[in-house]
Amino acid sequence: MRRRGFLGALAGAALTPRAAAFAQGAPVDRFPEGFVWGVSTSSYQIEGAVEADGRAPSIWDTFSRTPGKVANGDTGDAACDHYNRYLEDVELMARARMRAYRFSIAWPRVMPTGEGAVNAKGLDFYERLVDALLARGIEPWACLFHWDLPQALQDKGGWTNRDSAQWFTDYALVVAGRLGDRVNHWAMFNEPNVFAIFGHGVGTHAPGLTGRANCMAAIHHQNLAQGMAIRALRGGGRPAWRLGTVLSVQPIRPAGGLEANRPAAAMWDALWNRACLDPLFLGRYPDLLAADFEPLVKPGDLAVIRQAVNYLGINYYSRLYQQPDPGGLVGTGFGPPPPGVKVTGMGWPVEPDGLTEQLLELRDRYRNPLVYIMENGADFYDWVGPEGKAEDGERIAFIRDHLRAGAEAIRQGANLKGWFPWTLLDNFEWAEGYARHFGLVQVDRSTMKRTPKASYHWYADAIRMNGVPGY
Ligand code: IFM
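About the cut-offs
One numbering rule holds for all chains: residues counted from 1, following each sequence as written. With the structure being a predicted model, the display of local features is reserved for residues of pLDDT at least 70 and the display and counting of side-chain atom pairs for 80 or more, all residues being used for whole-chain, interface and lining totals. The side-chain figures draw on all heavy atoms in the structure; neither hydrogens nor water molecules are used. Between buried and exposed lies partly exposed: a residue is buried under 20% and exposed over 50% of the maximum accessible area for its type, with that area taken using a 1.4 Å probe on protein chains only. To qualify as a helix, a DSSP run of H or I must reach at least 4 residues; to qualify as a strand, a run of E must reach at least 2; elements of each kind are numbered from the N terminus. DSSP-based pairing: two strands are paired if at least 2 bridges between them are found. Proximity is defined per residue: if any heavy atom of the residue lies within 4 Å of a molecule or strand, that residue is considered near it. Under the rule applied, a polar contact is a pair of N or O atoms within 3.5 Å (in protein, one hydrogen donor and one hydrogen acceptor; residues adjacent in sequence only if both atoms are side-chain atoms). In short, Shrake-Rupley with a 1.4 Å probe defines the accessible areas, and a residue's cover is counted only from the protein chains shown. The pocket and cavity definitions rest on a 1 Å grid over protein atoms only: a 1.4 Å probe that fits but cannot leave marks a cavity, an open set with protein on both sides within 12 Å along at least five of seven lines marks a pocket, and residues lining either have an atom within 4 Å of a point. A molecule is counted as occupying a cavity or pocket when more than half of its atoms fall within 2 Å of that pocket's grid points. When residue character is reported, Ala, Val, Leu, Ile, Met, Phe, Trp, Tyr, Cys and Pro are called nonpolar, Asp, Glu, Lys and Arg charged, and the others, Gly included, polar. As used here, the term nonpolar core means buried Ala, Val, Leu, Ile, Met, Phe, Trp, Tyr and Cys residues forming a set that is joined through side-chain atoms within 4.5 Å. Should any heavy atoms of two residues lie within 4.5 Å, those residues are considered in contact. We define a salt bridge as a side-chain nitrogen of Lys or Arg found within 4 Å of a carboxyl oxygen belonging to Asp or Glu. Interaxial angle, 0 to 180 degrees, is taken between N-to-C directions of lines fitted to C-alpha atoms, where a helix line uses only the stretch in contact. Between the rings of Phe, Tyr and Trp (Trp by its six-membered ring), a pair exists once the centres lie within 6.5 Å; its type follows the angle of the planes, with under 30 degrees stacked, over 60 edge-to-face, and the other angles tilted. Only when the NZ of Lys or the CZ of Arg is both within 6 Å of the ring centre and within 35 degrees of the ring normal is a charge said to sit over the ring. The definition used for a disulfide is geometric: two cysteine sulfur atoms within 2.5 Å. Residue-level confidence of the predictor, termed pLDDT, takes values from 0 up to 100. Grid points are joined across faces, edges and corners, and a volume is the space filled by probe spheres set on the points.

### A closer look at the pairing of strand E5 (residues 242-248)
Remember that side chains alternate between the two faces of the sheet whenever the strand is regular. Burial of E5 is extensive: six of the seven residues sit out of reach of the surface. Two elements, strand E4 (residues 185-190) and E5, share four bridges in a ladder whose sense is parallel. Looking across to E5, one finds that Asn-190 is bridged to Val-246.

### Re the site of the ligand
All residues adjacent to the ligand are Gln-45, His-146, Trp-147, Asn-190, Glu-191, Tyr-317, Trp-348, Glu-375, Trp-422, Glu-429, Trp-430 and Phe-438. Glu-375 is positioned with one of its side-chain polar atoms (N or O) 2.5 Å from a nitrogen atom of the ligand. One nitrogen or oxygen atom from the side chain of Trp-430 is found 2.8 Å from an oxygen atom belonging to the ligand. Against a free-state accessible area of 280 Å², the protein chains account for coverage of 95% of the ligand. Judged by the proximity of its atoms to the pocket grid, the ligand belongs to the largest pocket. Among the residues forming the shell around the ligand, the class breakdown is six nonpolar, three polar and three charged.

### Some points on the nonpolar core
One broad rule of soluble globular proteins: the nonpolar side chains tend to lie buried together. In terms of nonpolar packing, the biggest core is built from 136 residues, with Phe-168 and Trp-186 touching the most fellow members. Every residue in contact with Phe-168, bar those within four places of it in the chain, is listed here: Trp-107, Leu-144, Phe-145, Trp-159, Met-188, Phe-189, Ala-225 and Ala-229. Core analysis: the next-biggest nonpolar cluster, separate from the first, contains 10 residues, Ala-100, Trp-141, Cys-143 and Met-374 among them.

### Re the pattern of salt bridges
In total, this model carries 35 salt bridges according to the counting rule given. Of the charged contacts in the structure, one is a salt bridge between Arg-253 and Glu-357, with a shortest N-O distance of 2.8 Å. In this pair, Arg-253 sits in strand E6 (residues 252-254) while Glu-357 sits in helix H15 (residues 352-365), placing the two residues 104 residues apart along the sequence. When its relative accessible area of 30% is taken as the criterion, Glu-357 is described as partly exposed. Here Lys-342 makes a salt bridge to Glu-394, at a shortest N to O gap of 2.7 Å. Note that Lys-342 is positioned in the loop between strand E9 (332-334) and H15 and Glu-394 in helix H16 (residues 393-411), a separation of 52 residues in sequence. Taken together, the shared-partner salt bridges in this structure form one network comprising Asp-124, Glu-127, Asp-131, Arg-178, Asp-181 and Arg-182.

### With respect to the sheet that holds E9
Through backbone hydrogen bonds, the strands of a sheet pair up, either in parallel or in antiparallel fashion. One open sheet holds the three strands; their spatial order is E6-E8-E9, and the pairing between them is mixed. The two strands at the open ends of the sheet, each matched to only one other strand, are E6 and E9. Here the strands of the sheet are splayed against their neighbours by 45 degrees on average, with no regard to which way each runs. Alignment of E6 against strand E8 (residues 320-324), held across three bridges, turns out to be parallel. Counted as the bridge partner of Ile-252 is Leu-320 from E8. Across the sheet, helix H12 (residues 262-281) touches E6, E8 and E9, and the angle it forms with E6 is around 165 degrees.

### Let's talk about the packing of aromatic side chains
In this structure the tally under the stated criterion is 45 aromatic pairs. Aromatic side chains Phe-31 and Phe-35 sit 4.4 Å apart centroid to centroid with 25 degrees between the ring planes, which places their arrangement in the stacked category. Here Trp-141 and Tyr-311 contribute two aromatic rings whose centre-to-centre distance is 5.5 Å and whose plane-to-plane angle is 65 degrees, an arrangement assigned as edge-to-face. Note that Trp-141 is positioned in strand E3 (residues 139-143) and Tyr-311 in strand E7 (residues 311-315), a separation of 170 residues in sequence. Assigned by exposure class, Trp-141 and Tyr-311 land together as buried. Lying over the aromatic face of Tyr-434, Arg-445 brings its terminal NZ or CZ to 3.6 Å of the ring centre.

### Observations concerning helix H10 (residues 192-202)
What sets the pattern is the α-helix's 3.6 residues per turn: residues three or four places apart point alike. Judged by how many residues are buried, H10 sits mostly within the fold: 10 of 11 residues are covered. All buried positions along H10 are accounted for by Pro-192, Asn-193, Val-194, Phe-195, Ala-196, Ile-197, Phe-198, Gly-199, His-200 and Gly-201. Looking one or two residues past H10, Gly-203 carries a phi angle of roughly 90 degrees, positive in sign.

### Let's talk about the sheet that holds E5
Taken in spatial order, the eight strands of this closed barrel run E1-E2-E3-E4-E5-E7-E10-E13, and their pairing is parallel. Along the sheet, successive strands turn relative to each other by an average axial angle of 30 degrees, direction set aside. Pairing analysis gives five bridges linking strand E2 (residues 100-104) to E3, with the strands arranged parallel. Pairing of Tyr-101 across the sheet is with Pro-140, part of E3. Strand contacts of helix H7 (residues 120-135): E2 and E3, with the helix running at about 170 degrees to E2, the strand carrying the most contacts. Across the face of the sheet, helix H11 (residues 212-236) comes into contact with E4 and E5 while running at roughly 165 degrees to E4.

### Considering the state of the cysteines
The tally for this structure, following the rule as stated, stands at zero disulfides. The cysteine Cys-80 is free of any disulfide, with Cys-143 supplying the nearest cysteine sulfur at 17 Å. Given a relative accessible area of 0%, Cys-80 falls into the buried group. Of the cysteine sulfurs around Cys-276, a residue in no disulfide, the closest is that of Cys-215, at 9.4 Å.

### Quick word on the confidence of the model for the protein
Looking at the protein as a whole, the pLDDT averages 94, with 94% of positions reaching at least 70. Here residues 1-13 is a poorly scored stretch, pLDDT under 50, and it has 18 contacts once near neighbours within four places are set aside; other chains count.

### Overview of the environment of His-205
Assignment of secondary structure puts His-205 in the loop between H10 and H11. Taking relative accessible area as the criterion, His-205 reaches 13% and is therefore assigned buried. For His-205 and Tyr-471, which are 266 residues apart along the polypeptide, the C-alpha to C-alpha distance reads 37 Å. Apart from residues lying up to four places away in sequence, His-205 is in contact with Trp-60, Phe-63, Trp-147, Phe-198, Gly-199, Trp-430 and Ala-431.

### Quick word on the layout of surface pockets
Estimated volume of the largest pocket: approximately 680 Å³. Those elements giving two or more residues to the lining of the largest pocket turn out to be H10 and E8. In terms of residue class, the lining of the largest pocket is made up of 16 nonpolar, 11 polar and six charged. Only H12 and H15 provide two or more residues apiece to the lining of the second largest pocket. A per-element tally of the lining of the second largest pocket places H15 first, with four residues.

Here it is in structure tokens:
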């Protein structure tokens, strides 16, 4: 039903067994037994209800309400109203037989001033959510921080203040203390690198700080917080807990393939990829940034940061192309992708083989950690067809090709154990507001009605087959 178009052209041609399987809709790639099929979201992007039950403002409330910061003046005030509609959203996951859900906890719901007093009603919401997930056979994977820092902590310097590592550790213990009898999978952070770069260096995301020093401080203090929290959770925790973190890792290339752009690519790679991966797995910062981190790193910090995580979540979207830019954060800027490469609505190149490359690099450089794809997806225009179904063939092709790239990496020895597409619902895409659509499910902005897209049904097929269906 969802196979169409060019497959007709295959009719009569001599097919390889692989192409024949594809033409018949059989999975061309199967994943190992026990492969985890899930989906990811984040609190500020979907919850809404920003004033409900004692939640205090986060830096994203402040930022999005500042004129000119977010496209169309959008805010997360309503988002997808998931706070009130979570049962419907859990049902959507259950109907597709998703078996795991990575969501984030909003720190300002749980500890409105960031430290000290705990807001029981905030934790109650996550308890209701976790119970609903478990009742439908979906494993909750909780992420402790996906960018919505309590504004009260930002007023004390936020992640540029070294105390942030202790604030985070205390908060992590509170959340795990309440939910840890039901939640086993914990991610400390989501994309601390991206949060530091755009929120503290470039200034296009909350809290809107700029400059290299702020960016590096935010990176180091999140790294430290991660290490301290993992240590604290291990110390008083449960054996069933699986403690990890989630990083955005993308292969970096010189723009235009030019030799002259190679140093820029190396510098951006040091910042984007290595500044979080290297201290976690190798216990050091990259040489290219040594002078930046030197004033921040206190004796013992690197030993705290280097923790044996149970898993690494990685978010892969595309390769990044770099060239020199004297005005850039570290003297570099984004260059164009190779000519002819398709781009998504965000302008990001579609390069599934970059995922294989990335997974093999983790295999070779960091001793093949256990990896889950915690985000992978695309912003594409979609529409509701005559049958009332949201059609998004480009998204299906995107997910299909990335799943194949993941399967290829597994064949080559990568330790990839699960897949969480980004994302369940069309949501608040940070500085882009609601104009961008990454969801498997459409959300009508005036009624909040959920309409599963073709990609949702296709992904449900992938889960059922434990493989990559034809399309
Ligand atoms: O929406 C974001 C998410 O919050 C973090 N990773 C990238 C996604 C798409 O931009």
